[in-house]
Structure formats: C-alpha cells, structure tokens
Amino acid sequence: AQSVTQLDSHVSVSEGTPVLLRCNYSSSYSPSLFWYVQHPNKGLQLLLKYTSAATLVKGINGFEAEFKKSETSFHLTKPSAHMSDAAEYFCVVSYGGSQGNLIFGKGTKLSVKP
Amino acid sequence: GAVVSQHPSWVICKSGTSVKIECRSLDFQATTMFWYRQFPKQSLMLMATSNEGSKATYEQGVEKDKFLINHASLTLSTLTVTSAHPEDSSFYICSTPGTSIAGELFFGEGSRLTVL
C-alpha cells in the first residue's frame, strides 16, 4: 500500500539553529511530493514541491527539501529557524491521476524556542 | 491575496442546528473543490470531492445526508453540516487544484466549528 510517514510528531529547535523535518514514502513508482505548512487555525500553504525535475527543491521562507529515491525520503530542511516558522508541517504524496489520490502525512509540529 | 476564500473562520452553534461553510475561488474558476476535516493534532481527512454542476463524491464513512455539499457555480462551493452534534466539532478546510500538477492545491483558511 502507498503511504507517507513523517517520522517525528514534534520537533523543537532553538531560534537560529537548523531545522530537519523527516518524511519517507512508499512507492512503486515516482510520485510527486509536497510540503505544506499550517499555522494555527489556518489553511495549508504550499512550501515546495517535487515533480521529477531537480532533486533539490527550494521553497518559500528559506526551506528546501531533497528527493532521495534510494532512501524514499523527502526531508524538509532550513539552515536557520525563525520564530515565525513555528507551525505544523505536512508531507504530502501524490501518485498522479485524480487529485483525490493524495496521501497526507500525520504532520510534524515545529516549535522554535527563543 | 488569498486564492481561496473560506468563511466563516469560526462558528459556534447549538446542537441540532445547521451550519453552512462557504469556499470561494478568487480570480479563477474552481471546477473541483475538496473538503477536508481535521481533528486536533491530526492530519487532514478527505471528506468529499465536489465538481461544479454535478453531485459530490463522498469518501467511505462520510454521511452525505449530514454533510451536504453544493457546487453550483465555478467560484463557489458550500458545505452544510446538518443537525450538528458536538462530535461534528472540528476544523473544516476546502481546497482546489491550482495547476495541472496533481497534488498542488490552494487551501481555504479553514473553518473552526464548535457545536455546543
């Protein structure tokens, strides 16, 4: 079965330190991969997407993610955390076809300490 | 500005009443709208898919008579929670495909429903 796993439900970092949010997927072929961010009581905003072009994808707000097929991973990183990065992050996998063929990870809550 | 406008952001209602949530696409035509439900500290669960001018497609386990979805125009989709009960309290989010890339979606800002 197709699935997406966010390995950490909660990540806490200090402001100015690197951020790593992990995501692994199961796949029988190459999917499209997305990271979305959700601030409290808000909808989701697209951070970045991978669609079989460059494996290192740069997104908004200084985030980037690297698609590693051999590891079936798409981890989200940022060199230096900012207080405003505190939010819930969702890794989403699309296996094409209908837009309904999306699988959402369970989310990782990022806390940023001053 | 927001691509998808969703309101109300917050609604509190009494048990047994009905609540309507609207999602409007701004400056573009949304032929498809997805409706999600999100429980606290949980991921999004797809409830139904609405297509303009046709009946919505509901996911397994979602009561279509309780969660009425209407997509009467290319810019407006509505979700009505009928005869709401406290267990219907949740965060409801709509989204629509933004491009031809499957999986890229524009989300509404969500509606927090609390049923007393």
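Above: the structure in question.
Described below are features of the structure shown in this document. Since this is a predicted model, take the numbers as computed values, not measurements. (Residues numbered from 1 in each chain as written. Chains lettered and ligands numbered in written order. Predicted model: local features only at pLDDT ≥ 70, side-chain atom pairs only at ≥ 80, totals over all residues. Heavy atoms only, no water.)

With that out of the way, let us pick up the overall build of chain A. Looking only at helices and strands, chain A has zero helices and 12 strands in total. Taken over C-alpha atoms, the radius of gyration comes to 13 Å for chain A, in line with the 13 Å a tight globule of 114 residues would show. Across its three principal axes, chain A shows a C-alpha extent of roughly 40 × 30 × 20 Å. Accessible surface for chain A amounts to roughly 5400 Å². Of this, 52% is attributable to carbon and sulfur atoms. The centroid of the 10 positive side-chain charges in chain A is displaced by 4 Å from the centroid of its 7 negative side-chain charges. (Helix = DSSP H or I, 4+ residues; strand = E, 2+ residues; numbered from the N terminus. Rg over C-alpha atoms; globule rule 2.2 N^0.38 Å. Areas by Shrake-Rupley, 256 points an atom, 1.4 Å probe, with all protein chains shown as cover. Lys, Arg positive; Asp, Glu negative; His and termini not counted. Charge placed at Lys NZ, Arg CZ, Asp CG, Glu CD.)

With that settled, consider the pairing of strand 10 (residues 87–94) of chain A. Residues and elements named next belong to chain A. By the criterion of burial, strand 10 is predominantly enclosed, with eight of the eight residues buried. Strand direction decides the pairing type here: strand 5 (residues 32–38) and strand 10, joined by seven bridges, are antiparallel. Looking at strand 10, one finds that S32 is bridged to S94. Where strand 10 meets strand 12 (residues 108–113), three bridges bridge the pair, whose relative direction is antiparallel. Paired with Y89 across the strands is T108, a residue of strand 12. Inspection of the sheet shows strand 10 paired to strand 11 (residues 102–104) by three bridges, in the antiparallel sense. The residue bridging S94 from the neighbouring strand is L102, located in strand 11. (Buried < 20%, exposed > 50% of the residue type's maximum accessible area, 1.4 Å probe, protein only. Pairing = 2+ DSSP bridges.)

Before going further, it helps to examine the pattern of salt bridges. All names here are of chain A. Considering all chains together, one arrives at six salt bridges over all chains under this definition. Ionic pairing is found between K58 and E64, a salt bridge with its closest N-O pair at 2.8 Å. A salt bridge links D85 to K78; the nearest nitrogen and oxygen atoms lie 2.8 Å apart. The pair D85 / K78 is uniform in exposure class, with both members buried. (Salt bridge = Lys/Arg side-chain N within 4 Å of Asp/Glu carboxyl O.)

A word on the packing of aromatic side chains. Aromatic rings considered in pairs are described by the distance between their centres and by the relative angle of their planes. Applying the stated criterion to the full structure yields 10 aromatic pairs over all chains. Ring plane angle 15 degrees and centroid distance 4.1 Å describe the contact between Y50 of chain A and F67 of chain A, whose orientation is recorded as stacked. Of this pair, Y50 of chain A sits in strand 6 (residues 44–50) while F67 of chain A sits in strand 8 (residues 64–68), and the two are 17 residues apart along the sequence. Each member of the pair, Y50 of chain A together with F67 of chain A, is buried. Their ring planes at 70 degrees and their centres at 5.4 Å tell us that F104 of chain A and Y36 of chain B sit as a pair that is edge-to-face. Linking F104 of chain A in strand 11 with Y36 of chain B in strand 4 (residues 32–38), this pair reaches from one chain into another. In terms of burial, F104 of chain A and Y36 of chain B fall into one category: buried. (Phe/Tyr/Trp six-rings, centres within 6.5 Å; stacked < 30°, edge-to-face > 60°.)

Counting 27 residues, the largest nonpolar core has W35, L48, F74, L76 and Y89 of chain A as its most contacted members. Ignoring any residue separated from it by four or fewer positions in sequence, one finds L76 of chain A in contact with V19, L20, L21, W35, L47, L48, F63, E64, A65 and Y89 of chain A. (Core = buried A, V, L, I, M, F, W, Y, C linked by side-chain atoms within 4.5 Å. Contact = heavy atoms within 4.5 Å.)

Turning to the sheet that holds strand 8 (residues 76–81) of chain B, a few remarks are in order. All names here are of chain B. Pairing is antiparallel in the open sheet, where four strands are placed in the order 1-3-8-7. Edge strands, defined here as strands with exactly one partner in the open sheet, are strand 1 (4–7) and strand 7 (67–73). Strand-to-strand twist across the sheet, computed as the mean angle between neighbouring axes with direction ignored, equals 15 degrees. Where strand 3 (residues 19–25) meets strand 8, six bridges bridge the pair, whose relative direction is antiparallel. Bridging from a neighbouring strand, E22 pairs with T78 of strand 8. (Axes fitted to C-alpha atoms, helices over the stretch in contact; angles between N-to-C directions.)

What follows is about the side chain of R37 of chain B. All names here are of chain B. Tracing the backbone through its elements, the reader meets R37 in strand 4. Buried within the structure, R37 lacks any salt-bridge partner; its nearest side chain of opposite charge belongs to D88, at an N-O separation of 4.4 Å. At a separation of 2.6 Å, a polar atom in the side chain of R37 contacts the main-chain carbonyl oxygen of E87. Only 3.5 Å separates the side chain of R37 from the side chain of S90, close enough to count as a polar contact. For R37, the contacting residues outside a window of four places in its chain are S43, L44, M45, M47, F67, E87, D88, S89, S90, F91 and Y92. (Polar contact = N/O pair within 3.5 Å; in protein donor to acceptor, adjacent residues only side chain to side chain.)

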